[in-house]
Amino acid sequence: MGFDDLQLSDDARLAVQAAGYITPTPIQEQAIPPVLAGRDVIGSAQTGTGKTAAFTLPMATRFAEPGAFRGLIVEPTRELALQVEASLQVFTKFSPLRVGVMYGGVGYGAQTEKIRAGMDIWVATPGRLLDFIERGDLSLNKIEMLVLDEADRLLDMGFLPDVRRIINQCPKERQTLLFSATIAPEIQSLAKWALKDPLTVQIGRQNAPTDTVEHALFPVAAAQKFELLLALLDRTEYKSVIIFCRTKMGADHVASRLLSAKHKVIALHSDRSQREREEALLGFREGRYEVLVATDIASRGLDISGVTHVINFDVPEHTEDYVHRIGRTGRAHAEGDAFTLFTAEDTPFVASIERFIARVIPKRRLENFKYLYTQLLSLKENDPVAKIRVGGGRGAIGGYSFGVRR
Ligand code: AMP
């Protein structure tokens, strides 16, 4: 199937061509026709599968002419909101539709002006959207199409009451789409309440991280984590790498130590101002920084193509975050590697990640690295040896792999 078979408007089809997309990804192929036919859809797909275009393209097609504010996309973070807005700008490039984005942490002035100018589609984070509604600047009473994107993250971040208020402000007669990497029971009950007879489109095994990514765990003593990180960076041929830390302080600390080790590095987390965050992302996209050190909240859903490696400096505390972090690499068919450093105290987290993604992550050991003793390293005898790609085609990482008894 090609984009020509998808019944997109001429404007949208032209824009797809200009964007250089040739074939629709599976989620686009499966979600676009029912969405265009007006059905409510639950899209269960990780970021990196092309899910944004699965709703922005039908939106661009459906609202061909400018009119009232009819399309609303709710996003958990400002970065995601900006990214989805950029996608809409691309796909409405040849149409007269007006698209705006609103999020908190910045002044109201510019967004208020845009509201006054009148937009057909808004991409919004919940808090700022409700602010505008309460101030009487904006109404949702003409919404025809509502998209709840990254629904699991909206819930994780405590936005459920806000999301419910937003849905309650929309007309009952509307189309609702819900996208989520993971469909937890709370998401199901939200969907039951907010969607009518939805069609579920599921891409890949649910909860499975992107298939093109090679995963590996690197057991290490806590005291050697940073040393091992440096050694991994030295011996990996990466173009761009995202390093995940659990806390903002941790991220700053790792970033400043990497800077001292002469890496081109920048940190991204929610204590940074909006301008600093945008500048960090831009610099990373443009290759001025090769290493981005980030926390989960700051990085969720970011579309950074060409990321060759993700390194979890800290094992994620919330299991689903593993899937989201790994979704930063291996985006849209490209390959990527995902390394996780893990210490003895992370063992229960690692076990629950493996249960969640329904696979065992191979353990690896870095050759010629002077490991301090950790119990994790002595688990190899008599354990099944996981077969993994030795060297990863990238040279120096290899050595041998070993399984952990469970
Ligand atoms: P998403 O999962 O929506 O965040 O998309 C991940 C990346 O894949 C983005 O960089 C998109 O621009 C890209 N992408 C989405 N759909 C396609 C397609 N059909 N062909 C090529 N690239 C795509």
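Treat the numbers as computed from the prediction; the structure is a model and nothing was measured.

S.K.: In this structure, what is going on with the pattern of salt bridges? I would like to understand it.
M.R.: Side chains that differ in charge, positive against negative, can pair when their charged atoms come close. One pass over the structure, following the stated rule, counts 22 salt bridges. The salt bridge involving R277 is made with E79; its shortest N-O contact spans 2.7 Å. One end of the pair, R277, is in helix α12 (residues 274–285); the other, E79, is in helix α4 (residues 78–91), and 198 residues separate them in sequence. In this pair, the class of R277 matches that of E79, namely buried.

S.K.: Is there a simple way to explain the sheet that holds strand β6 (residues 175–180) in this structure?
M.R.: Strand pairing in a sheet is mediated by backbone hydrogen bonds. Such pairs are either parallel or antiparallel. Read across the sheet, seven strands follow the order β3-β4-β2-β5-β6-β1-β7 without closing on themselves; strand pairing throughout is parallel. Edge positions in the sheet fall to β3 (99–102) and β7 (199–202), since each has one partner strand and no second. With strand direction ignored, the average angle separating the axes of adjacent strands in the sheet is 15°. Relative to β6, strand β5 (residues 145–148) runs parallel, the two sharing four bridges. Across the sheet, the residue bridging to M145 is Q175, located in β6. In the packing of helix α3 (residues 51–62) onto the sheet, contacts are made with β2 (71–74), β4 (121–124), β5 and β6, and the angle to β5 comes to roughly 170°.

S.K.: Any chance you could explain unusual backbone geometry here in plain terms?
M.R.: Here E150, not a glycine, exhibits a phi torsion of approximately 50°, which is positive. Within the secondary structure, E150 is located in the loop between β5 and α7 (151–156). For N368, which is not a glycine, the phi torsion comes out positive at approximately 60°. Considering the arrangement of structural elements, one finds N368 in the loop between β14 (363–364) and β15 (401–402). N368 gets classed as exposed once you look at its relative accessible area, which sits at 72%.

S.K.: Just to check I follow, could you spell out the packing of helix α2 (residues 26–36) against α3 for this structure?
M.R.: Any two packed helices are characterised by how steeply their axes cross, that is the angle between the axes, and by the distance between the axes. Where α2 meets α3, the axes come as close as 9 Å, and the angle between the chain directions of the two elements is 30°. Accordingly, the angle class assigned to the pair α2 and α3 is roughly parallel. Two packed elements cross with a definite hand, and for α2 against α3 that hand is right-handed. On α3, the residues touching I27, Q28, A31, I32, V35 and L36 of α2 are K51, A53, A54, L57, P58 and T61. Tallied by class, the residues present in the contact of α2 with α3 amount to nine nonpolar, two polar and one charged.

Basis of the calculations
Residues numbered from 1 in each chain as written. Predicted model: local features only at pLDDT ≥ 70, side-chain atom pairs only at ≥ 80, totals over all residues. Heavy atoms only, no water. Salt bridge = Lys/Arg side-chain N within 4 Å of Asp/Glu carboxyl O. Helix = DSSP H or I, 4+ residues; strand = E, 2+ residues; numbered from the N terminus. Buried < 20%, exposed > 50% of the residue type's maximum accessible area, 1.4 Å probe, protein only. Pairing = 2+ DSSP bridges. Axes fitted to C-alpha atoms, helices over the stretch in contact; angles between N-to-C directions. Contact = heavy atoms within 4.5 Å. Parallel < 35°, antiparallel > 145°, perpendicular 65-115°, else oblique. Left-handed = near helix turned anticlockwise from the far one by under 90°. Nonpolar A, V, L, I, M, F, W, Y, C, P; charged D, E, K, R; others polar.

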